[in-house]
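Descriptive structure summary
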Amino acid sequence: MGTIQALRGTRDILPDEIGYWQRIEAIARDILGKATYREIRTPIFEQTDLFERGIGEATDVVGKEMYTFKDKGDRSNTLRPEGTAGVVRSYIEHGLHAQGGVQRLWYTGAMFRYERPQAGRQRQFHQLGVEVLGSADPRADAEVIAIATDILRTLGLKNLHLNLNSVGNLEDRQRYRQALIDYLTPYKDELDPDSQDRLTRNPLRILDSKDEGTQAIAKDAPSILDYLGADSQRHFEQVQQLLTDLGISYELNPRLVRGLDYYTHTAFEIISDDLGAQATVCGGGRYDGLVAQLGGVDTPAVGWAIGLERLVLLLQQLQAQTLPVLDFYVVSRGTNAESQALVLANKLRNVGFSAELDLSGSAFKKQFARADKSGTVACLILGDEEAENNTVKLKWMVSKEQNAIAQADLLAKVDELRDQIAALRTETT
Ligand code: ATP
Ligand code: MG
């Protein structure tokens, strides 16, 4: 029988890589917490209807990319392809709007889309996202953008560009839609097949087609910014002014669109120069119509999602992962010594140190070699003699200084040891 491998488009995140993920999560958690965003966790699968209504049947995500299956009760379920629909469902279901005011929420987790796998594009991937529900204020748009840029900057990422657009409100878009159809119709035969299909169904989406021929035609299409009514224009100008006040630079990109009725006003993407074809690390915008579309009380909202695999790729280019720091590596040989070593390592952890127990049972020489490789500050050595006397040899790795000490004394000197270890750490880093 052959061995079983992970499914195409899925990946194991191995311990050697996990430090990048944990760093992203820790930084995001810190920044989001300070901005009073609260985490929400929703199920990984939902009724298929939720995504059809919440993302839109005319999108690639719903039209082509969903993992949809019938359960044993013949209900249609779908693995979530993104986070917003589930969060909004939960917001409505639990009456979060009734708690009054603005809800600032964030989430992270696996998403599923049936796509052609390539660097930065998988079938199971991970997003971190925020949703601010209950504010139509342009400051909410600016706040979420500022938080995204803060997270990316704190991670040390460079060469990022914020692309910004407004898709206006429903009336603006209806006028623009007609202008776009009028412009594109004479080129119909030159558009790629997907775009031909969208010409009547969802013409705005033609603007972000990845087909080169279509892009060349779309380049000279009318700009949505010329179709914004007074209200939309004011909202957009305020967002831009607030970004300037925040010191966040941006580029206007009138071809950045979301084609569905419940997307309104601000649309944005953060793009990296260092990722090749899959360059968008963050996508977001305002969706004032979605809560009502899903059956809730009409509620303005704005949010974004960051693709975490792409962030990890950028971090890997930037720096080698820092090794976790280890206080004690415990080596032992002989039956009594080995059990005493287990107990000692456990006691050291209970008083706050990190300690790794060598489980190999191999010769001391091999265990010492592993201690060297572990990057530990100190090594604890137990052989027959130490086991007999309830002592342990304490060896400092940098100075190679070594002395015997009673196990009980070692545990009694916790504060002194902690200071010594901290001092050695600052010397070596
Ligand atoms: P793209 O144009 O790259 O397909 P999208 O518009 O489908 O992106 P969104 O739905 O806005 O992407 O998702 C937000 C972010 O999630 C993207 O900018 C990207 O970083 C990440 N993302 C989306 N799909 C995938 C995927 N299949 N694999 C890895 N990351 C993804
Ligand atoms: Mg996509």
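Residues numbered from 1 in each chain as written. Chains lettered and ligands numbered in written order. Predicted model: local features only at pLDDT ≥ 70, side-chain atom pairs only at ≥ 80, totals over all residues. Heavy atoms only, no water.

Going by what an unreviewed UniProt entry lists, the protein chain is known as Histidine--tRNA ligase and is assigned to Crinalium epipsammum PCC 9333. What UniProt states about the protein chain under its Subcellular location (unreviewed entry) heading is, verbatim, "Cytoplasm". Annotation of the protein chain in UniProt includes, under Catalytic activity (unreviewed entry), the sentence "tRNA(His) + L-histidine + ATP = L-histidyl-tRNA(His) + AMP + diphosphate + H(+)". (UniProt positions renumbered as here; feature names shortened; annotations may be inferred.)

Side note on the sheet that holds strand 4 (residues 76-79)
Pairing is antiparallel in the open sheet, where 3 strands are placed in the order 2-4-3. Single-partner strands in this sheet number two, and they are strand 2 (45-47) and strand 3 (67-70). Shown here is a sheet whose adjacent strand axes are inclined to one another by a mean of 35°, direction ignored. Note: strand 3 against strand 4, 4 bridges, orientation antiparallel. What sits directly across from tyrosine 67, in strand 4, is leucine 79. (Pairing = 2+ DSSP bridges. Helix = DSSP H or I, 4+ residues; strand = E, 2+ residues; numbered from the N terminus. Axes fitted to C-alpha atoms, helices over the stretch in contact; angles between N-to-C directions.)

Re the packing of helix 1 (residues 15-34) against helix 11 (residues 308-318)
With their axes 10 Å apart at the nearest point, helix 1 and helix 11 run at an angle of 115° to one another. For the element pair helix 1 / helix 11, the angle class is roughly perpendicular. In this structure, helix 1 meets helix 11 at a crossing whose hand is right-handed. Where helix 1 approaches helix 11, its residues Glu17, Tyr20, Trp21, Arg23 and Ile24 are matched on the opposing element by Leu308, Glu309, Leu311, Val312, Leu315 and Gln316. Grouping the constituent residues of the contact of helix 1 with helix 11 by class yields 7 nonpolar, 1 polar and 3 charged. (Parallel < 35°, antiparallel > 145°, perpendicular 65-115°, else oblique. Left-handed = near helix turned anticlockwise from the far one by under 90°. Contact = heavy atoms within 4.5 Å. Nonpolar A, V, L, I, M, F, W, Y, C, P; charged D, E, K, R; others polar.)

Considerations on the sheet that holds strand 1 (residues 38-39)
Ordered by their spatial adjacency, 8 strands build an open sheet running 1-5-6-11-10-9-7-8, and the pairing between neighbours is mixed. Pairing within the sheet leaves two strands with one partner each, and these edge strands are strand 1 and strand 8 (251-252). Bridge count between strand 5 (residues 103-112) and strand 6 (residues 124-133): 10 bridges; the pairing is antiparallel. Bridging from a neighbouring strand, threonine 108 pairs with leucine 128 of strand 6.

Some remarks on the pairing of strand 7 (residues 160-166)
Judged by how many residues are buried, strand 7 sits mostly within the fold: 5 of 7 residues are covered. Direction of pairing for strand 7 relative to strand 9 (residues 264-272): antiparallel, over a ladder of 7 bridges. Across the sheet, residue leucine 164 finds its bridge partner in strand 9, namely phenylalanine 268. Taken together, the 2 bridges between strand 7 and strand 8 define a ladder with parallel strand orientation. Counted as the bridge partner of leucine 164 is leucine 252 from strand 8. (Buried < 20%, exposed > 50% of the residue type's maximum accessible area, 1.4 Å probe, protein only.)

Here's the deal with the pairing of strand 9
Within strand 9, 8 of the 9 residues are buried, which leaves it mostly tucked inside the rest of the structure. When strand 9 meets strand 10 (residues 280-286), the two strands line up antiparallel, connected through 6 bridges. Opposite isoleucine 270, over in strand 10, you have cysteine 282 as the bridge partner.

Considerations on the packing of aromatic side chains
For any pair of aromatic rings, geometry is given as the distance between the ring centres together with the angle between the planes. Scanning the model with the defined rule gives 7 aromatic pairs in all. Arranged with centres 5.4 Å apart and planes meeting at 50°, the rings of tyrosine 183 and tyrosine 187 form a pair that is tilted. Between phenylalanine 364 and phenylalanine 368, the aromatic rings sit 5.8 Å apart at their centres with planes inclined by 20°, giving stacked as the arrangement. With phenylalanine 364 and phenylalanine 368 both in helix 13 (residues 364-374) and 4 residues apart, this pair spans about one turn of that helix. For phenylalanine 364, a relative accessible area of 25% gives the class partly exposed. Phenylalanine 368 sits in the partly exposed class, given a relative accessible area of 27%. A cation sits over an aromatic face here: lysine 395 above phenylalanine 368, 5.5 Å from the ring centre. If you follow arginine 418 out to its NZ or CZ, it ends over the ring of phenylalanine 353, 5.5 Å from the centre. (Phe/Tyr/Trp six-rings, centres within 6.5 Å; stacked < 30°, edge-to-face > 60°. Lys NZ or Arg CZ within 6 Å of the ring centre and 35° of its normal.)

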